[in-house]
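# Tertiary structure, described
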Amino acid sequence: MTTTIRVSDDIKDRLERLKRDDETFDELLDRLSRDEKDIEAIAGSFDRPEDEGLSESVTQTHEELNESLEDRTERSEQ
């Protein structure tokens, strides 16, 4: 089954920059959506008492990396 997703030209350009040379857009979107869930699963696995604070640290680092990527993407568009 195929579904068409409409995105703006800016978003398409960003996705093209994120896409690996040997990757289809379907594979790119799968990878990006899976990575987000994988990070959350990893962070959730640190909910043991001896790992106190580690989950928050992983989540914060993930958010900072996303912000950094967005900043670099915006600068490259200018």
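Computed from a prediction, not measured in an experiment: that's the story for all the values here. Here the residue numbering is sequential within each chain, running from 1 through the sequence in written order. Residues qualify for local features only when their pLDDT is at least 70, as the model is predicted, and side-chain atom pairs are given and counted only at 80 or more; totals for whole chains, interfaces and linings, by contrast, use all residues. Excluded from the side-chain calculations are hydrogens and water; all other atoms, namely the structure's heavy atoms, are used.

Another point: the overall build of the protein chain. Strands here are runs of E lasting at least two residues and helices are runs of H or I lasting at least four, both read from the DSSP assignment and numbered beginning at the N terminus. Per the secondary structure count, the protein chain includes three helices and zero strands. Secondary structure elements of the protein chain, listed N to C terminal, follow the sequence α-α-α. Excluding contacts between residues fewer than 6 apart, the proportion of contacts in the protein chain whose partners are at least 24 apart in sequence is 30%. We call two residues in contact whenever any of their non-hydrogen atoms come within 4.5 Å of each other.

A word on the confidence of the model for the protein chain. On average, residues of the protein chain score 77 in pLDDT, and 72% of them are at 70 or above. What pLDDT conveys is the predictor's confidence in a given residue, as a value from 0 to 100. For the protein chain, helix H2 (residues 25-44) is the element with the lowest average pLDDT, namely 71, and helix H1 (residues 9-18) is the one with the highest, namely 89.

Below, the discussion takes up a nonpolar patch on the surface. A cluster of nonpolar side chains, namely Ile5, Val7, Ile11, Leu18, Leu29, Leu32 and Leu69, defines an oily patch on the protein surface of about 530 Å² accessible area. Contributing elements (two or more residues each) for the nonpolar patch: H1 and H2. Within the fold, Leu18 resides in helix H1. Put simply, a patch holds well-exposed residues, over 30% relative accessible area, that have no salt bridge, with like charges counted together within 9 Å and Val, Leu, Ile, Met, Phe, Trp or Tyr side chains within 5 Å. Note that accessible areas follow from Shrake-Rupley with a 1.4 Å probe, and for residues the cover is restricted to the protein chains shown. When a carboxyl oxygen of Asp or Glu lies within 4 Å of a side-chain nitrogen of Lys or Arg, that pair is called a salt bridge.

With that settled, consider a negative patch on the surface. Asp and Glu count as negative and Lys and Arg as positive, but His and the ends of the chain are not part of the count. Here the site of a charge means NZ on Lys, CZ on Arg, CG on Asp, or CD on Glu. Taken together, the side chains of Glu63, Glu64, Glu67, Glu70, Asp71 and Glu74 make up a negatively charged region of the molecular surface. Considering the arrangement of structural elements, one finds Glu63 in helix H3 (residues 54-77).

Right, let's get into the side chain of Glu23. Counting through the fold element by element, Glu23 comes out in the loop between H1 and H2. The buried label goes to any residue with under 20% of its type's maximum accessible area, the exposed label to any with over 50%, and the partly exposed label to all in between, with areas taken from a 1.4 Å probe on protein chains only. The class of Glu23 is buried, set by a relative accessible area of 9%. Side-chain polar atoms of Glu23 contact the side chain of Arg31, separated by 2.9 Å. Glu23 has contacts with Leu18, Leu28 and Arg31, leaving out every residue within four places of it along the chain. Definition of a polar contact: a pair of N or O atoms within 3.5 Å, with one able to donate and the other able to accept a hydrogen when the atoms are protein atoms, and with sequence-neighbouring residues admitted only if both atoms are side-chain atoms.

This model, assessed by the stated rule, comprises two salt bridges. For Lys12, the salt bridge is made with Glu16, and the minimal N-O distance between the two is 2.8 Å. Placement of the pair is Lys12 and Glu16 together in helix H1, with a separation of four residues, close to one helical turn. Under the relative-accessibility criterion, Lys12 is labelled partly exposed at 38%.

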